Amino acid sequence: MASRLAPLFLLLFVCCTHVGRVNVQAADFSPSPVLISTIRSTLDEIGSVLSVLSTFSGPLLGGDLRVSSAVQDCVDLLSLSSDELGWTLSTASPSTAGVREKLSAGTGNKHFDLRSWLSAALGNQETCAESFQGTDDVVKSLVVGSLDTITSLVYQVLTQVPNAKGLPGDRWMKTGKRKLLDSAGFPIWMTAEDRRFLQGPATSFQPDVVVSADGSGDYKTVGEAVEKAPLESEKRFVIYVKKGVYKENVDIKKKKWNVVVVGDGMGATVISGARNYVDGWTTYRSATFAVSGKGFLARGLTVENTAGPAKHQAVAFRSDSDLSALFQVEFLGYQDTLYAHSLRQFYRECRISGTIDFIFGNAAAVFQSCTIVARRPLPKQKNSVTAQGRKYVDQNTGFSIHGCNISVEGDNSSGTVAVAPAITYLGRPWKKYSRTVVMQSYLGSGIPPEGWLEWAGNFALDTLYYGEYMNYGPGSGLSGRVKWAGFHAITDPAVAVNFSVAQFIDGNQWLPATGVRYTAGLTV
């Protein structure tokens with residue numbers, strides 16, 4: 001069995017605990033028979049499309065990598081939608097509980113859980129369709145009508161779930177303050193036992209498996225260790241990955257719950273891949289490390305995509321993991337480094353680097369105390385930190401960048417004279433209701449006065465929600481910022497707090513169980 005780890009985890013993880021329900025009161029929600037019927041019809045439609053896709057195999061597709069990747073993308077994404085609708089059904093209607101009850105466990109906040117799952121299910125079909133871009137569209141033509149039907153049905157369900165706490169940029173917006181922390185700086189609901197753990201000394205415990213490239217562990221690859229993880233586990237399954245470079249593509253599937261991956265530190269434990277769009281992979285499938293199973297945790301490693309800027313879309317890390325947290329993880333790439341695709345995600349003290357849209361997707365994600373570095377792009381390319389993909393005003397998704405350091409690396413390759421850093425914009429609107437807020441963060445000199453970049457002409461400039469609050473540094477001046485209707489220079493802390501961990505991703509209800517330290521509200 002694996003050898004015992006010393007104080008490697010440093011207050012990060014609670015051994016053998018699970019991400020489960022928190023005993024909180026949620027407002028009652030009684031779904032109508034029409035809503036329940038719509039969910040069931042949607043599940044039937046998803047089943048029909050999956051049946052069609054199952055008829056396509058490698059030989060039938062003529063060995064076309066992008067088409068086969070797109071088919072697999074759609075199978076995975078529609079399966080995620082099916083699960084998310086199933087969780088919604090069992091949570092919204094007690095009469096449907098039973099065998100599926102444990103599959104619906106979220107934070108215990110019914111409104112927030114339902115809107116999060118439905119927001120994710122709403123976007124999966126579009127990612128499926130996008131995966132067929134650059135192909136002859138034969139397969140897409142067979143399923144596109146059904147994809148549109150599924151999206152329409154999911155949207156009908158989402159609009160029937162009341163929004164208990166509207167966010168800026170939502171159809172229903174309300175703001176306000178509530179007490180987030182007690183006088184000691186802990187979430188007000190946290191138990192004394194939780195507090196003792198967070199304040200206690202470093203601890204050690206037995207990992208479930210150890211990965212070591214030199215053969216001294218249980219497995220030589222991370223992928224083998226992931227296969228060992230049980231399905232739908234309510235307990236943490238801890239994979240310790242010793243220092244070394246692991247050249248592989250890791251995929252933690254949706255039934256692998258509560259997987260924990262811990263390395264020996266950023267730059268020491270490195271998971272490396274080079275899949276990319278130019279070589280035939282879809283953007284979704286290009287990820288070096290992908291995770292869909294809920295409750296994923298990671299600490300102390302580097303995930304990189306080494307394809308380089310000339311290969312265009314090349315993802316290092318992609319996540320569809322609900323209630324996931326990553327602590328001191330480094331993500332290295334160029335275009336599309338970090339794909340925060342869907343659901344609720346938290347990144348703390350991470351390092352993220354890239355060029356074009358290098359933090360993108362449609363998750364509800366908070367990046368806190370992270371170092372975000374723009375690299376030098378190819379000539380004539382324009383850097384942007386984010387490309388948030390919220391397409392519908394009812395989705396509760398967006399990116400919150402809080403207390404981070406955003407800078408642009410200079411080019412000192414000559415060894416003598418430094419070249420001016422590449423101009424880098426904070427974001428551009430990938431979809432109509434793109435939502436990103438940067439607050440209480442350092443903005444370096446590479447951020448231009450206008451701050452934000454158009455996607456295509458006037459597209460989404462009136463419907464997006466981009467905000468800045470109490471940033472500092474040479475790139476933080478607001479006087480020259482864009483004059484779009486969707487840009488907001490936030491001055492009211494009652495508005496800014498909506499994008500805090502506690503409010504935006506309901507972090508007080510699930511992050512303490514992970515052991516990852518976080519700031520619930522705004523910093524003083």
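Residues numbered from 1 in each chain as written. Predicted model: local features only at pLDDT ≥ 70, side-chain atom pairs only at ≥ 80, totals over all residues. Heavy atoms only, no water.

Student: Pulling in residues and values, what's your account of the sheet that holds strand S7 (residues 289-291)?
Tutor: An order of S4-S7-S9-S11-S14-S17-S20 is seen for the 7 strands of this open sheet, with the pairing classed as parallel. Whereas interior strands pair on both sides, the edge strands pair on one side only; in this sheet they are strand S4 (250-252) and strand S20 (424-427). The sheet shows a mean angle of 10° between the axes of neighbouring strands, direction not considered. Where strand S11 (residues 338-340) and strand S14 (residues 356-361) come together, 2 bridges link them in parallel fashion. Its bridge partner lying in S14, Leu-338 is registered against Ile-359. (Pairing = 2+ DSSP bridges. Helix = DSSP H or I, 4+ residues; strand = E, 2+ residues; numbered from the N terminus. Axes fitted to C-alpha atoms, helices over the stretch in contact; angles between N-to-C directions.)

Student: An account of the UniProt feature "active site" (unreviewed entry) in the chain is needed here, citing residue identities and associated values.
Tutor: Here, UniProt's "active site" (unreviewed entry) annotation points to Asp-357. Looking at the element boundaries, Asp-357 is found in strand S14. Discounting chain neighbours no more than four positions away, the residues touching Asp-357 are Asp-336, Ser-384, Val-385, Thr-386, Ala-387, Arg-428 and Trp-455. (UniProt positions renumbered as here; feature names shortened; annotations may be inferred. Contact = heavy atoms within 4.5 Å.)

Student: Could you give me a rundown of the state of the cysteines, with the residues and numbers involved?
Tutor: Taken as a whole, this structure holds 1 disulfide when the rule is applied. Cys-74 shares a disulfide with Cys-128; S-S distance 1.9 Å. Around the S-S axis, the bridge from Cys-74 to Cys-128 shows a dihedral of about 95° and counts as right-handed. Placement of Cys-74 in helix H2 (residues 65-92) and of Cys-128 in helix H3 (residues 110-131) is noted, with a sequence separation of 54 residues between them. Left unpaired, Cys-350 is separated from the closest cysteine sulfur, that of Cys-370, by 4.6 Å. By relative accessible area, which is 1% here, Cys-350 ends up buried. Considering cysteine sulfurs only, Cys-404 is the nearest to Cys-370, which forms no disulfide, with 4.6 Å between them. (Disulfide = S-S within 2.5 Å. Buried < 20%, exposed > 50% of the residue type's maximum accessible area, 1.4 Å probe, protein only.)

Student: Hey, could you go over unusual backbone geometry for me, with residue numbers and the actual values?
Tutor: In this model, Gln-328 sits at a positive phi of 55°, which is unusual for a non-glycine residue. As for its placement among the helices and strands, Gln-328 is situated in strand S10 (residues 324-332). Overall, Gln-328 belongs to the partly exposed group, its relative accessible area being 22%. Of note in the backbone geometry, Ala-460 takes a positive phi value of approximately 70° without being a glycine. Among the structural elements, Ala-460 can be located in the loop between strand S22 (442-443) and strand S23 (465-469).

Student: Just give me the short version of the environment of Leu-153, but keep the residues and values in it.
Tutor: On the secondary structure map, Leu-153 appears in helix H4 (residues 138-158). Since its relative accessible area comes to 17%, Leu-153 is described here as buried. Separated by 114 residues in sequence, Leu-153 and Ile-39 have C-alpha atoms that sit 7.5 Å apart. In contact with Leu-153, other than residues within four places in its own chain, are Thr-38, Ser-41 and Thr-42.

Student: Mind laying out the packing of helix H1 (residues 33-53) against H2, listing which residues take part and the relevant values?
Tutor: The contact between H1 and H2 brings their axes to 10 Å, and the two run at 160°. Between H1 and H2, the angle is such that the two are roughly antiparallel. Here H1 runs over H2; the crossing is left-handed. Between H1, through Ile-36, Ile-39, Arg-40, Thr-42, Leu-43, Ile-46, Val-49, Leu-50 and Leu-53, and H2, the contact on the second element is made entirely by Val-71, Cys-74, Val-75, Leu-78, Ser-79, Ser-81, Ser-82, Leu-85, Thr-88 and Leu-89. Along the lines of polarity and charge, the residues of the contact of H1 with H2 split into 13 nonpolar, 5 polar and 1 charged. (Parallel < 35°, antiparallel > 145°, perpendicular 65-115°, else oblique. Left-handed = near helix turned anticlockwise from the far one by under 90°. Nonpolar A, V, L, I, M, F, W, Y, C, P; charged D, E, K, R; others polar.)

Student: Kindly report on H4, identifying the contributing residues and their values.
Tutor: Across its 21 residues, H4 extends 31 Å between first and last C-alpha, which sits within 8% of the 30 Å expected from 1.5 Å per residue. Where H4 bends most, at Val-144, the angle is about 40°. Among the residues of H4, those classed as buried are Val-139, Val-143, Leu-147, Ile-150, Thr-151, Leu-153, Val-154, Val-157 and Leu-158. On its buried face, H4 sits against H1, H2 and H3. (Expected span 1.5 Å × (residues − 1). Bend = angle between axes of the 7 residues up to and from the residue.)

Student: Any details on the pairing of strand S18 (residues 398-402)? Residues and values, ideally.
Tutor: Most of S18 sits inside the fold, with 5 of its 5 residues counted as buried. Residues Gly-398, Ser-400 and His-402 line one face of S18 and the alternating positions Phe-399 and Ile-401 line the opposite face, and both faces are buried. Looking at chain direction, strand S15 (residues 364-368) and S18 are connected through 5 bridges and run parallel. What sits directly across from Ala-364, in S18, is Gly-398. Here 4 bridges tie S18 to strand S21 (residues 435-439), and the two strands are oriented parallel to one another. By the bridge assignment for S21, His-402 is matched with Met-439.

Student: Describe the nonpolar core, naming the residues involved and giving the relevant values.
Tutor: In terms of nonpolar packing, the biggest core is built from 57 residues, with Tyr-347 and Phe-367 touching the most fellow members. Apart from the residues within four sequence positions on either side, Tyr-347 is in contact with Phe-317, Ser-319, Leu-326, Phe-331, Leu-338, Ala-340, Ala-365, Val-366, Phe-367, Gln-368 and Cys-370. (Core = buried A, V, L, I, M, F, W, Y, C linked by side-chain atoms within 4.5 Å.)

Student: Run through empty space enclosed by the protein, naming residues and quoting values.
Tutor: This model, assessed by the stated rule, comprises 3 cavities of 30 Å³ or more. Taken as a whole, the largest cavity encloses approximately 190 Å³ of empty space. Forming the walls of the largest cavity are 20 residues, and the residues nearest its centre are Gly-123, Glu-126, Thr-127, Asn-362 and Gly-389. Among the elements that line the lining of the largest cavity, the one with the most residues is H3, at 8 residues. Along the lines of polarity and charge, the residues of the lining of the largest cavity split into 5 nonpolar, 11 polar and 4 charged. Two domains share the lining of the largest cavity, each providing at least three of its residues, namely domain 1 (33-160) and domain 2 (195-409 + 422-514). As a volume, the second largest cavity reaches approximately 60 Å³. Every residue along the wall of the second largest cavity is listed here: Leu-80, Asp-83, Glu-84, Trp-87, Lys-254, Ser-292, Lys-294, Asp-320, Asp-322 and Leu-343. Counting only domains with at least three residues in the lining of the second largest cavity, you end up with domain 1 (33-160) and domain 2 (195-409 + 422-514). (1 Å grid on protein atoms, 1.4 Å probe; cavity = no way out; pocket = protein on both sides within 12 Å on 5 of 7 lines; lining within 4 Å. Points joined across faces, edges and corners; volume = space filled by probe spheres on them. Domains from an automatic or database assignment.)

Student: Give me the packing of aromatic side chains: which residues, what numbers.
Tutor: In total, this model carries 19 aromatic pairs according to the counting rule given. With a centroid separation of 6.1 Å and 85° between ring planes, the pair formed by Tyr-284 and Tyr-339 is classed as edge-to-face. Here Tyr-339 lies in strand S11 and Tyr-284 lies in the loop between strand S6 (269-273) and S7, a separation of 55 residues in the sequence. This pair shows no difference in class: Tyr-284 is buried, exactly as Tyr-339 is. Both rings, one in Phe-317 and one in Phe-331, keep their centres 5.3 Å apart while their planes meet at 45°; by these two values the pair is tilted. Pair noted here: Phe-317 is in strand S9 (residues 317-319) and Phe-331 is in strand S10, with a separation of 14 residues, a long-range link. Comparing Phe-317 with Phe-331, the two get one shared label, buried. Ring pairs connect the aromatic residues Phe-289, Phe-296, Phe-317, Phe-331, Tyr-347, Phe-367 and Phe-399, which therefore count as one cluster. Between the NZ or CZ atom of Lys-294 and the centre of the ring of Trp-87, over which it lies, the distance is 5.8 Å. Looking at Arg-318, its charged tip hangs above the ring of Tyr-284, at a distance of 3.6 Å from the centre. (Phe/Tyr/Trp six-rings, centres within 6.5 Å; stacked < 30°, edge-to-face > 60°. Lys NZ or Arg CZ within 6 Å of the ring centre and 35° of its normal.)

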